[in-house]
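What follows is each chain in one-letter form.
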Amino acid sequence: MKVGIIGAGRLGAALSGHFTRAGHQVMMAGSRGPEKLATLVGELGENASAGTPQEAADFGDIVVLAVQWDQKESAAAAVSSWQGRIVLVPINPLRETPSGLEHADTGGRPPTEVVASLLPGALVVKGFNTYPAQVLAEDPVVNGGRRIVLLAGDDLDAKRKVAELVDSTGFQAVDTGSLAEGGPLFDSGGPLGGPRKDLLAL
């Protein structure tokens, strides 16, 4: 599978590592340009490359929007059209402050709905947002079980494709339903939300 990842921070790097190790082709894009990703791409190996956000979006069978909450508008605007693209969204409405993480105001709207509104025409799938990046980077097989990745989305084919990608890396995908029904279950602060270390399928 080809995966375009927009966002080259800890989250994007963690996901890129899992995807490339599973044999998928990954193109990463960061805010500072492809040349700034040379070291990371070199560490990830021959299955990784770097490009612009537009190039990463055009490259991927699945596009991952792995940016900080406050970067979502600029990242979305860096792609000319989202129509028909499968977009995996692992974003939580959190900001890093000197006193730690704080929740951003979403105006009472579900966070994924806010992000989806920036991606008109995209087939949005929510997932990979319940683990901190440092935990996400670890081996998904823990104590004889696999870490669960909860998914929510309105397009069944898009969810199935994302689930195949998730399962191929050693995680266990679990479909929670539509964005409206399943998404709130694992929003930050929801009953299954993160950040958590382990949610295991044994």
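Up top you'll find the structure we're talking about.
Here goes a summary of the coordinates provided. (Residues numbered from 1 in each chain as written. Predicted model: local features only at pLDDT ≥ 70, side-chain atom pairs only at ≥ 80, totals over all residues. Heavy atoms only, no water.)

Along its twelve residues, helix 1 (residues 10–21) runs 17 Å from first to last C-alpha, staying within 8% of the 16 Å computed at 1.5 Å per residue. Along helix 1, nine of the twelve residues are buried, which leaves the element largely enclosed by surrounding structure. Of the positions making up helix 1, those classed as buried are Leu11, Gly12, Ala14, Leu15, Ser16, Gly17, His18, Phe19 and Thr20. A positive backbone phi angle near 95 degrees is found at Gly23, which sits one or two residues after helix 1. (Helix = DSSP H or I, 4+ residues; strand = E, 2+ residues; numbered from the N terminus. Expected span 1.5 Å × (residues − 1). Buried < 20%, exposed > 50% of the residue type's maximum accessible area, 1.4 Å probe, protein only.)

Scanning all chains against the criterion turns up seven salt bridges. Its salt-bridge partner being Asp58, residue Arg85 comes within 2.9 Å of it at the nearest N-O pair. With Arg85 in the loop between helix 4 (72–77) and strand 5 (86–89) and Asp58 in helix 3 (residues 53–59), this residue pair connects regions lying 27 residues apart in the sequence. Given the relative accessible area of 18%, Arg85 is considered buried. Lys126 is paired through a salt bridge with Asp187; the nearest N and O atoms lie 2.0 Å apart. On the criterion of sequence distance, the pair formed by Lys126 in strand 8 (residues 123–126) and Asp187 in the loop between helix 8 (179–182) and strand 12 (200–201) is long-range, its members being 61 residues apart. Note on Lys126: relative accessible area 2%, which makes it buried. Look at Asp187 and you get buried, because its relative accessible area is 11%. (Salt bridge = Lys/Arg side-chain N within 4 Å of Asp/Glu carboxyl O.)

Counting 59 residues, the largest nonpolar core has Ile6, Phe19, Leu65, Trp82, Leu119 and Phe128 as its most contacted members. Here Phe128 is in contact with Leu11, Leu15, Phe19, Leu88, Pro90, Leu136, Val149, Leu150, Val166 and Phe171, once residues within four sequence places are set aside. (Core = buried A, V, L, I, M, F, W, Y, C linked by side-chain atoms within 4.5 Å. Contact = heavy atoms within 4.5 Å.)

Here Asn129 is to be found in the loop between strand 8 and helix 6 (133–136). Given a relative accessible area of 3%, Asn129 falls into the buried group. Separated by 40 residues in sequence, Asn129 and Val89 place their C-alpha atoms 7.9 Å apart. Other than its neighbours up to four places away in sequence, Asn129 contacts Pro90, Asn92 and Phe186.

In this section: the packing of aromatic side chains. The description of two aromatic rings rests on the distance between their centres and on the angle between their planes. Applying the stated criterion across every chain yields a total of two aromatic pairs. Between the aromatic rings of Phe19 and Phe128, the centroid separation amounts to 6.3 Å while the plane-to-plane angle is 70 degrees, which identifies the pairing as edge-to-face. Of this pair, Phe19 sits in helix 1 while Phe128 sits in the loop between strand 8 and helix 6, placing them 109 residues apart in sequence. The exposure class assigned to Phe19 is buried, which follows from its relative accessible area of 0%. Under the relative-accessibility criterion, Phe128 is labelled buried at 3%. Taking the centre distance of 5.5 Å and the plane angle of 90 degrees together, the rings of Phe128 and Phe171 count as edge-to-face. With a gap of 43 residues between them, Phe128 in the loop between strand 8 and helix 6 and Phe171 in the loop between helix 7 (156–168) and strand 11 (172–175) connect regions that are remote in the sequence. You'll find Phe128 and Phe171 in the same group, each marked buried. Taken together, the ring pairs connect Phe19, Phe128 and Phe171 into an aromatic cluster. (Phe/Tyr/Trp six-rings, centres within 6.5 Å; stacked < 30°, edge-to-face > 60°.)

In short, the description is geometric, and any link to function would need to be established separately.
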